[in-house]
Amino acid sequence: MNNSAANDLRWEEFRKYTEENAMSRYERKLLRDWVRSGHSVYETVESRYLPGPSYPPRDFLGMYRFDRELTEDMVGMTRAEKDAYLKACIGWSDPTPEEIAMETAREHTPELIRDRIRRLEREVFYLWQFVAEEGVLDEAKGYVDGRRDEAIPFEW
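The text that follows walks through the structure, step by step, so that each part is easy to find.

What counts, and where the lines are drawn
Residues numbered from 1 in each chain as written. Predicted model: local features only at pLDDT ≥ 70, side-chain atom pairs only at ≥ 80, totals over all residues. Heavy atoms only, no water. Helix = DSSP H or I, 4+ residues; strand = E, 2+ residues; numbered from the N terminus. Rg over C-alpha atoms; globule rule 2.2 N^0.38 Å. Buried < 20%, exposed > 50% of the residue type's maximum accessible area, 1.4 Å probe, protein only. Contact = heavy atoms within 4.5 Å. Salt bridge = Lys/Arg side-chain N within 4 Å of Asp/Glu carboxyl O. Expected span 1.5 Å × (residues − 1). Arc of directions from axis to C-beta. Axes fitted to C-alpha atoms, helices over the stretch in contact; angles between N-to-C directions. Parallel < 35°, antiparallel > 145°, perpendicular 65-115°, else oblique. Nonpolar A, V, L, I, M, F, W, Y, C, P; charged D, E, K, R; others polar.

Concerning the overall build of the chain
Counting secondary structure elements, the chain contains 7 helices and 0 strands. Whereas a compact globule of 156 residues would reach a radius of gyration of roughly 15 Å, the chain reaches 26 Å, over 25% beyond that. C-alpha atoms of the chain, sized along the principal axes, occupy 75 × 45 × 35 Å. Each of the 156 residues in the chain was classed as buried or not, and the buried ones make up 19%. Relative to all contacts within the chain whose residues are 6 or more apart in sequence, the contacts with residues 24 or more apart total 34%.

Shown next as structure tokens:
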């Protein structure tokens, strides 16, 4: 599709979109500027506050409204309160001291040991997946839970 045809398509989308969706004059102006800059009205846009793509994905006007709601909600908040609010919006939780300690230990573990752990974790994952697919997951969990504290042969 040539540039002129793509441009015509964007403006046709804009026309239909503005007929089918209620919006203020200011929102229509913002949307017109968005299309004028070479974008589709349906193109997904990222939030100015939250990292990465949103779920559900939002078009320009949807994201503008979402960000405006966040802006209004954060009026009068301190920087720390805003950070906490935005983290809550995406389900973020700060790492616990135990998680920080585990990450620090992981960073200082020799590569040879990390490779061995990675292989063992994959093996355990696929074994449990197989057990679940065979329909004996509950029985296997009960078996493991009953022996979790027992030493295995040749244990260090």
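Now that the structure is up, let's keep going.
With respect to the pattern of salt bridges
Going through the model one piece at a time under the given rule, you end up with 13 salt bridges. Of the charged contacts in the structure, one is a salt bridge between Arg118 and Asp115, with a shortest N-O distance of 2.6 Å. With a gap of 3 residues between them, Arg118 and Asp115 both fall in helix 6 (residues 111-133), about one helical turn apart. Its relative accessible area of 34% is what places Arg118 among the partly exposed residues. Through salt bridges with shared partners, one network takes in Glu27, Arg65, Arg68 and Glu72.

A few points about helix 1 (residues 3-20)
Its 18 residues give helix 1 an end-to-end C-alpha distance of 26 Å, which sits within 8% of 26 Å, the value for a rise of 1.5 Å per residue. Inspection of helix 1 places Ala6, Arg10, Glu13, Phe14, Tyr17 and Thr18 among the buried residues, and these make up the whole buried set. Buried residues along helix 1 cover an arc of 125° about the axis, so they all sit on one side. Exposed positions of helix 1 whose direction lies more than 90 degrees from the buried face are Asp8, Glu19 and Glu20. Looking at the buried residues of helix 1, the elements they touch are helix 2 (25-36) and helix 3 (60-73).

Notes on the packing of helix 6 against helix 7 (residues 137-147)
For the pair helix 6 and helix 7, the least separation of the axes is 7 Å and the interaxial angle reads 135°. Viewed along their axes, helix 6 and helix 7 adopt a mutual orientation that is oblique. Within the contact between the two elements, helix 6 uses Trp128, Val131 and Ala132 and helix 7 uses Leu137, Ala140, Lys141 and Val144. Of the residues belonging to the contact of helix 6 with helix 7, the class tally is 6 nonpolar, no polar and 1 charged.

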